[in-house]
Amino acid sequence: MIDLILEGAASPWSLVVLLAFCLIDGIFPPVPSESLVIAMASLNAQGEGQSLWLLIPAAALGAFCGDLLAYLIGTKVEVHSLRLFRGPRGRRTLAWASKAIHQRGGAFILAARYIPVGRVAVNLSAGALGFPRRRFIGFAAVASVMWSLYSVALGVGAGALLYGRPLLGVLVGVVAGVVLGTLIDLGMRRFFPPPEPAPPVLPNPREEVAVGDGG
């Protein structure tokens, strides 16, 4: 089983799969692109898999294309109607992203790259709110490269720490990525607080009286 995994990681097609995962993750967060990047980087630290000189640009290019695709979708569709944002949590995430884009668009685009659902909401909101396309492309490019380097660094660190145990190194790297992503998410929600809920609309007493008199 281990030999089969290592053989697959060394195949040139693994880079194509990685790029595709990172692209799809830009619009469908359940696809675990971070986990795949971390796993492949961890194997590299063990002397297996792909070169980092190929891994880093493949991950960055896929992430950039996914973010740009989400932005373009945001300019064409009503984002609130998407299934991902129909539930209570999805609506809150979208409202939070929209507010942050208004306040600190560029910084938020850079930081949100590390949060799976959050980055989709941010990029869709940027498109829907008319965030300048050229500025978005610049921020998305920088964010994608930084995210790729961050994910690869996690994987390399875990692989080097557990040299000789490739699958355990992959597991530790993926868990570390999930934990750090959760901490970044919590930190961002403190730095970019969610919008206050809208106050309930109360009936006008005069209108009620008028309606009652008319009966």
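Structure report, in brief. The structure presented is a predicted model; accordingly, all values stated were derived computationally and were not measured. (Residues numbered from 1 in each chain as written. Predicted model: local features only at pLDDT ≥ 70, side-chain atom pairs only at ≥ 80, totals over all residues. Heavy atoms only, no water.)

## Let's talk about the pattern of salt bridges
Counted according to the given criterion, the structure contains three salt bridges. Ionic pairing is found between Glu 34 and Arg 119, a salt bridge with its closest N-O pair at 2.9 Å. One end of the pair, Glu 34, is in helix H3 (residues 33-45); the other, Arg 119, is in helix H6 (residues 116-128), and 85 residues separate them in sequence. When sorted by exposure, Glu 34 lands in the same class as Arg 119, which is buried. Between Arg 113 and Asp 67 there is a salt bridge whose closest N-O contact spans 2.8 Å. Pair noted here: Arg 113 is in the loop between helix H5 (88-112) and H6 and Asp 67 is in helix H4 (residues 52-76), with a separation of 46 residues, a long-range link. Accessibility classification places Arg 113 together with Asp 67 in one group, the buried group. Each of Asp 25, Glu 34 and Arg 119 takes part in salt bridges that share partners, so that together they form one network. (Salt bridge = Lys/Arg side-chain N within 4 Å of Asp/Glu carboxyl O. Helix = DSSP H or I, 4+ residues; strand = E, 2+ residues; numbered from the N terminus. Buried < 20%, exposed > 50% of the residue type's maximum accessible area, 1.4 Å probe, protein only.)

## Regarding a nonpolar patch on the surface
Together, Leu 168, Leu 171, Val 172, Val 175, Val 179, Leu 180, Leu 183 and Leu 186 make up an exposed nonpolar region whose accessible area comes to about 650 Å². Within the secondary structure layout, Leu 171 lies in helix H8 (residues 166-191). (Patch = residues over 30% accessible without salt bridge, like charges linked within 9 Å, V, L, I, M, F, W, Y side chains within 5 Å. Areas by Shrake-Rupley, 256 points an atom, 1.4 Å probe, with all protein chains shown as cover.)

## Notes on the environment of Leu 19
Assignment of secondary structure puts Leu 19 in helix H2 (residues 13-25). Classification of Leu 19 by relative accessible area gives partly exposed; the value is 27%. Between the C-alpha atom of Leu 19 and that of Gly 62, which follows or precedes it by 43 residues, the distance is 4.5 Å. Aside from chain neighbours lying at most four places away, what touches Leu 19 is Ala 58, Leu 61 and Gly 62. (Contact = heavy atoms within 4.5 Å.)

## A look at H2
Look at H2: 18 Å from first C-alpha to last across 13 residues, which is about the 18 Å you get at 1.5 Å a residue. Here H2 has its buried residues at Ser 14, Leu 15, Leu 18, Cys 22 and Asp 25. One side of H2 holds all its buried residues, which, seen down the axis, span an arc of 100 degrees. (Expected span 1.5 Å × (residues − 1). Arc of directions from axis to C-beta.)

## Observations concerning the nonpolar core
Grouped together as the largest cluster of nonpolar side chains are 21 residues, with contacts concentrated most on Ile 101, Phe 108, Ile 109, Val 122, Ala 126, Phe 131 and Phe 136. Put simply, the parts of the chain that give this core at least two residues each are H4, H5, H6 and helix H7 (133-161). The element that contributes the greatest number of residues to this core is H5, accounting for eight residues. When neighbours within four sequence positions are excluded, Phe 136 is seen to be in contact with Asp 67, Leu 68, Tyr 71, Ile 109, Asn 123, Ala 126 and Phe 131. Core analysis: the next-biggest nonpolar cluster, separate from the first, contains 13 residues, Val 37, Met 40, Leu 55 and Ala 59 among them. (Core = buried A, V, L, I, M, F, W, Y, C linked by side-chain atoms within 4.5 Å.)

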